[in-house]
Amino acid sequence: HFPIDNAIPHGRELVLIPIGIAVGSRGTAGRITLGHEYNAWKRHIAYQGRDIPKCDTQSEASNIVLDDYLARFYSSGLHLFSPVAALSDYLKFKLLAQLDLGALECTSACFWGRNCGVCAKCTLHYLLQRALSLDVFQFRQDPLTTSTILRRMILEFSDRSQTNWREMQVALCSIIRMSAFSADEELLVFYASNAFPVLRDELALIELELSTPQPVALLPQRFRYDR
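Worth saying up front: this structure is predicted, and the values here are computed from it rather than measured. (Residues numbered from 1 in each chain as written. Predicted model: local features only at pLDDT ≥ 70, side-chain atom pairs only at ≥ 80, totals over all residues. Heavy atoms only, no water.)

Draft legend 1. Structural detail: unusual backbone geometry. Backbone geometry places Ser133, a non-glycine residue, at a positive phi of 55°. The topology assignment puts Ser133 in the loop between helix 6 (120-131) and helix 7 (143-146). What makes Ser133 exposed here is its relative accessible area of 58%. (Helix = DSSP H or I, 4+ residues; strand = E, 2+ residues; numbered from the N terminus. Buried < 20%, exposed > 50% of the residue type's maximum accessible area, 1.4 Å probe, protein only.)

Written as structure tokens, this is what we have:
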């Protein structure tokens, strides 16, 4: 539901994969790459003694099943792979900022396609660019005053179940640590007094976790993230 959720429905991979097969069949393609989210890749929920992937077709478990299906019923030489699933949103943003700022400027991440300033992605990118002292994205509304997601992230900073909690807390702590906020930004002043003293000792460990690519079962043998 606006403004929190992605307007693109889950399950779209079941549409995109047949299209990828059709396109790949025209050449010698060996892989269909999908842009699965890091936060959807391995998240599970416990239900009646079972661990169930939280994000259905965006999960690694689902990709393994679909990859096996392709091998059995279509072609043993065609595989699925998500090159960004192992990378946190924090790491993807930071790498683009360091390696190709122009590409980052062309990125469209808003759930509603217009840098609304209130959806979850705009909130995250607003914080990340402030933490990195960038001015890449211009938002239609100021997330600091209009984003209910950001307000909750700050006021309920101890609730670690919130989406992108680690990324946003690292960014917020970085902003406070650099004193990159003004006295009239009341939410950040509150964060500096209440959340930062509690979380700052964890910052280095959380940032290390976010900066480390996670294991991927379907990783191609010669694929590397450092080049």
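Don't stop here, the text continues.
Draft legend 2. Just the packing of aromatic side chains, in detail. Applying the stated criterion to the full structure yields five aromatic pairs. Geometrically, the ring pair formed by Phe93 and Phe137 is tilted, given 6.3 Å between the ring centres and 50° between the ring planes. Residue Phe93 is found in helix 4 (residues 89-99), and its partner Phe137 is found in the loop between helix 6 and helix 7; the two are separated by 44 residues along the sequence. Among the residues examined, Phe93 registers a relative accessible area of 2% and is labelled buried. When its relative accessible area of 5% is taken as the criterion, Phe137 is described as buried. When the centroid spacing of 6.1 Å and the interplanar angle of 75° are considered together, the rings of Tyr126 and Phe139 count as edge-to-face. Here Tyr126, found in helix 6, pairs with Phe139, found in the loop between helix 6 and helix 7; they are 13 residues apart in sequence, far enough to count as distant. (Phe/Tyr/Trp six-rings, centres within 6.5 Å; stacked < 30°, edge-to-face > 60°.)

Draft legend 3. Region of interest: the packing of helix 6 against helix 9 (residues 165-177). The contact between helix 6 and helix 9 brings their axes to 8 Å, and the two run at 35°. In this structure, the crossing between helix 6 and helix 9 has a hand that is left-handed. Two secondary-structure elements touch here, helix 6 through Ala120, Thr123, Leu124, Leu127, Leu128, Arg130 and Ala131 and helix 9 through Glu167, Met168, Ala171, Leu172, Ser174 and Ile175. For the contact of helix 6 with helix 9, a count of residues per class yields nine nonpolar, two polar and two charged. (Axes fitted to C-alpha atoms, helices over the stretch in contact; angles between N-to-C directions. Left-handed = near helix turned anticlockwise from the far one by under 90°. Contact = heavy atoms within 4.5 Å. Nonpolar A, V, L, I, M, F, W, Y, C, P; charged D, E, K, R; others polar.)

Draft legend 4. View of the pattern of salt bridges. Under the definition given, this model contains nine salt bridges. Asp68 is the partner of Arg72 in a salt bridge, and the nearest nitrogen-oxygen pair spans 3.6 Å. Taken together, the residues Arg72 and Asp68, both in helix 3 (residues 60-73) and four residues apart, mark about one turn of the helix. Overall, Arg72 belongs to the exposed group, its relative accessible area being 59%. Its relative accessible area of 38% is what places Asp68 among the partly exposed residues. Here Asp159 ties to Arg152 by a salt bridge, and the two come within 2.5 Å at their closest N and O atoms. Residue Arg152 is classed as partly exposed on the basis of its relative accessible area of 38%. (Salt bridge = Lys/Arg side-chain N within 4 Å of Asp/Glu carboxyl O.)

Draft legend 5. The arrangement of the pairing of strand 2 (residues 44-47) in detail. The pairing of strand 2 with strand 3 (residues 50-53) spans four bridges and is classified as antiparallel. Bridge pairing in strand 3 places Tyr47 opposite Arg50. Once strand 2 ends, the chain turns through two residues before running back antiparallel as strand 3, passing Gln48 with a positive phi of about 50°. (Pairing = 2+ DSSP bridges.)

Draft legend 6. Main features of the packing of helix 9 against helix 12 (residues 203-210). Contact pair helix 9 / helix 12: the axes reach a minimum separation of 10 Å and the direction vectors enclose 130°. In this view, helix 9 runs oblique relative to helix 12, as classed from their interaxial angle. Helix-helix and strand crossings are classified by hand; for helix 9 and helix 12 the assignment is left-handed. Along the contact surface, helix 9 presents Trp165, Arg166, Glu167, Val170, Cys173 and Arg177, while helix 12 presents Leu203, Ile206, Glu207, Glu209 and Leu210. Its residues assigned to classes, the contact of helix 9 with helix 12 shows six nonpolar, no polar and five charged. (Parallel < 35°, antiparallel > 145°, perpendicular 65-115°, else oblique.)

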